[in-house]
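Each chain, letter by letter, is given below.
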Amino acid sequence: MQDQILVTRSSMPGFEEYIEEIRSMWDSRWLTNMGPKHREFQEKLKEYLGVENIDLLTNGHMALELTLQAMNLQGEVITTPFTFASTTHAIVRNGLTPVFCDINPDDFTMDVEKLESLITDYTCAILPVHVYGNICNIEEIERIARKYELKVIYDAAHTFGETYKGRGIGSFGDASCFSFHATKVFNSLEGGAVCYRDQGFGNAIYELKNFGIHGPEEVSAVGANAKMNEFCAAMGLCNLRHVEEEIGKRKKAAERYRSHLEGIEGLQLNAVQKDVKQNYAYFPVVFEEKAFGASREEVFERLAENGIGARKYFYPLTNTFSCFHRKYDVRETPVALHVSRRVLTLPMYADLALEDVDRICGIILGCRK
Ligand SMILES: *Cc1c(COP(=O)(O)O)cnc(C)c1O
């Protein structure tokens, strides 16, 4: 029996490096509430991500949720269902109504051709997802947003370190929300951040992540507790020193996958986008059963039998979740439905051995009847 290969494996610095980073906390006893690690991590991130403004949060979900709250939105938010639960939940938990736009068949981001027809008098914002690290059609989304005076909030959880036309991906839209969860390209154990344009928004987020406390004797908003603690910030500082190298290793794994799977009939690989510096966050493959000779389910099972964890990511679509009690009609997003029933993300992480990629591809190709 060979070793198990999970779909992801967290990047970590050397043990000693982390210990060195947290040593000062035993003197300062400053463990959370925007301490020195938090401040340093924030500054370093600003530089690495190429953004003007950023605030740190406990996780990517709270970044999304508090961003929507800070914007004082009401009504409908146009988004896509081909994403992690967090995106849709952030909308619904703010008392807003998600309106689902379909996705492109090649890069799985919002289909902007279908966007304008979904805008109503109640639309207040667009929340597109740079899914798998694929960049949305930013120009078109921002043109439409300007025309109808809508806010644009990007779910940038998959795009850490990416640039579009040389610009940090977090610098687009009114706000972009990142996740530093353990399973992402870059982690701070758990963590997240919002990059934003407007200073007033920045003040609001800063207060909302600390219960809406405005001053020692004033609480001016119904906030939450979403402050990043010092241990997480310290992990972020360590991982940030190695992230370029980690992305470089992911690139090698992605190229190896492509060398086996590119051009195989019935397999659709992720689009390679122009003008994008990629981070190789995921390696999704869409299986067209007839043309390939095996279904997504068969491949998933065969990989599992061999101790290899692929993920049906993103399946099911968020607009079919049982918590929404059939409120949304999945037939309105047929492309998303098609892809979600056929896609698998294959194991992808910096330490993935190229020989393991060979073995995984061998198993996949061996599923063909
Ligand atoms: C991971 C993720 C989130 C949430 O981030 P957390 O840090 O886990 O809270 C939001 N959106 C997408 C698309 C994600 O993949």
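Predicted, not measured: the structure shown is a model, and the values here were computed from it.

Describe in detail the site of the ligand, supporting the description with residues and values.
Taken together, 15 residues lie near the ligand, and Gly60, Asp155, His158, Ser179 and Lys184 sit nearest. In the environment of the ligand, a nitrogen atom lies 2.8 Å from a nitrogen or oxygen atom belonging to the side chain of aspartate 155. Contact between the ligand and lysine 184: an oxygen atom at 3.1 Å from a side-chain N or O atom of the residue. Within the complex, the protein chains bury 93% of what would otherwise be the 380 Å² of accessible surface of the ligand.

Tell me what's going on with the sheet that holds strand 7 (residues 167-168), and back it up with residues and numbers.
Sheet architecture is open: 3 strands sit in the order 7-6-13, paired in antiparallel fashion. Each edge of the open sheet carries a strand with a single partner, namely strand 7 and strand 13 (276-277).

Please set out the domain arrangement of the protein chain residue by residue, giving values where relevant.
In many analyses, interface size is given as the accessible surface area lost on bringing the parts together. Each domain of the protein chain was delimited in the assignment, giving domain 1 (15-237) and domain 2 (242-365). Centre-to-centre, using C-alpha coordinates, domain 1 lies 25 Å away from domain 2. Both sides together, the interface formed by domain 1 and domain 2 hides about 3200 Å², and carbon and sulfur atoms give 61% of it. Where domain 1 touches domain 2, the interface holds 0 salt bridges. Scanning the region where domain 1 abuts domain 2 turns up 17 residue pairs in polar contact (both at pLDDT 80 or more). Going through the elements one at a time, helix 5 (85-92), strand 3 (97-100) and strand 6 (163-164) are the ones with two or more residues in the side of domain 1 that touches domain 2.

Explain the layout of surface pockets to me, and be specific about the residues and the numbers.
Approximately 420 Å³ is the volume attributed to the largest pocket. Lining the largest pocket are 31 residues; nearest its centre among them are Phe84, Ser179, Thr183, Lys184 and Tyr313. Of all the secondary-structure elements, those providing two or more residues to the lining of the largest pocket are helix 4 (60-70), helix 5, strand 8 (175-179) and strand 15 (343-346). Class assignment of the residues belonging to the lining of the largest pocket gives a composition of 14 nonpolar, 13 polar and 4 charged. Two domains each donate at least three residues to the lining of the largest pocket, and these are domain 1 (15-237) and domain 2 (242-365). Volume-wise, the second largest pocket comes out at about 280 Å³. For the lining of the second largest pocket, the class distribution of residues is 9 nonpolar, 4 polar and 5 charged.

I'd like to hear about the sheet that holds strand 12 (residues 267-269), residue by residue, with values.
Hydrogen bonds along the backbone pair up the strands of a sheet, which may run parallel or antiparallel. Pairing is antiparallel in the open sheet, where 3 strands are placed in the order 12-14-15. Of all the strands in the sheet, just strand 12 and strand 15 have a single pairing partner and so form its edges. Each adjacent strand pair in this sheet contributes to an overall mean axis angle of 30°, direction not counted. The sheet contact formed by strand 12 and strand 14 (residues 283-287) spans 3 bridges and is antiparallel. By the bridge assignment, leucine 269 is partnered in strand 14 with valine 285.

Give a detailed account of the packing of helix 3 (residues 36-49) against helix 8 (residues 230-261), specifying residues and quantitative values.
Helix 8 packs onto helix 3 with a crossing angle of 25° between their chain directions and a minimal axis gap of 7 Å. Taken together, helix 3 and helix 8 sit at an angle that is classed as roughly parallel. Crossing angle aside, the handedness with which helix 3 passes helix 8 is left-handed. Of the residues in helix 8, those in contact with Pro36, Lys37, His38, Glu40, Phe41, Lys44, Leu45 and Tyr48 of helix 3 are Glu230, Ala233, Ala234, Gly236, Leu237, Leu240, Val243, Glu244 and Ile247. Its residues placed into classes, the contact of helix 3 with helix 8 shows 10 nonpolar, 2 polar and 5 charged.

Before we move on, could you go through the environment of proline 98 and cite the residues and values that matter?
Positionally, proline 98 belongs in strand 3. Taking the relative accessible area as the measure of exposure, proline 98 reaches 3% and is therefore buried. Considering only alpha carbons, one finds proline 98 and glutamate 76, 22 residues apart in sequence, at a separation of 5.8 Å. Residues in contact with proline 98, not counting those within four places in the same chain, are Val77, Thr79, Thr88, Ile91, Val92 and Tyr328.

If you had to explain the nonpolar core to someone new, which residues and values would you point to?
In terms of nonpolar packing, the biggest core is built from 89 residues, with Leu45, Phe82, Phe180, Tyr257, Leu261 and Leu303 touching the most fellow members. Two domains share this core, each providing at least three of its residues, namely domain 1 (15-237) and domain 2 (242-365). Residues in contact with leucine 303, not counting those within four places in the same chain, are Ile308, Ala310, Leu344, Leu346, Ile360, Ile363 and Ile364. Judged by nonpolar contacts, the second largest core, of 25 residues, contains Leu66, Leu96, Tyr196 and Ala226.

Definitions and limits used
- Residues numbered from 1 in each chain as written.
- Predicted model: local features only at pLDDT ≥ 70, side-chain atom pairs only at ≥ 80, totals over all residues.
- Heavy atoms only, no water.
- Near = heavy atom within 4 Å.
- Polar contact = N/O pair within 3.5 Å; in protein donor to acceptor, adjacent residues only side chain to side chain.
- Areas by Shrake-Rupley, 256 points an atom, 1.4 Å probe, with all protein chains shown as cover.
- Pairing = 2+ DSSP bridges.
- Helix = DSSP H or I, 4+ residues; strand = E, 2+ residues; numbered from the N terminus.
- Domains from an automatic or database assignment.
- Buried area = accessible area lost by both parts, 1.4 Å probe.
- Salt bridge = Lys/Arg side-chain N within 4 Å of Asp/Glu carboxyl O.
- 1 Å grid on protein atoms, 1.4 Å probe; cavity = no way out; pocket = protein on both sides within 12 Å on 5 of 7 lines; lining within 4 Å.
- Points joined across faces, edges and corners; volume = space filled by probe spheres on them.
- Nonpolar A, V, L, I, M, F, W, Y, C, P; charged D, E, K, R; others polar.
- Axes fitted to C-alpha atoms, helices over the stretch in contact; angles between N-to-C directions.
- Parallel < 35°, antiparallel > 145°, perpendicular 65-115°, else oblique.
- Left-handed = near helix turned anticlockwise from the far one by under 90°.
- Contact = heavy atoms within 4.5 Å.
- Buried < 20%, exposed > 50% of the residue type's maximum accessible area, 1.4 Å probe, protein only.
- Core = buried A, V, L, I, M, F, W, Y, C linked by side-chain atoms within 4.5 Å.

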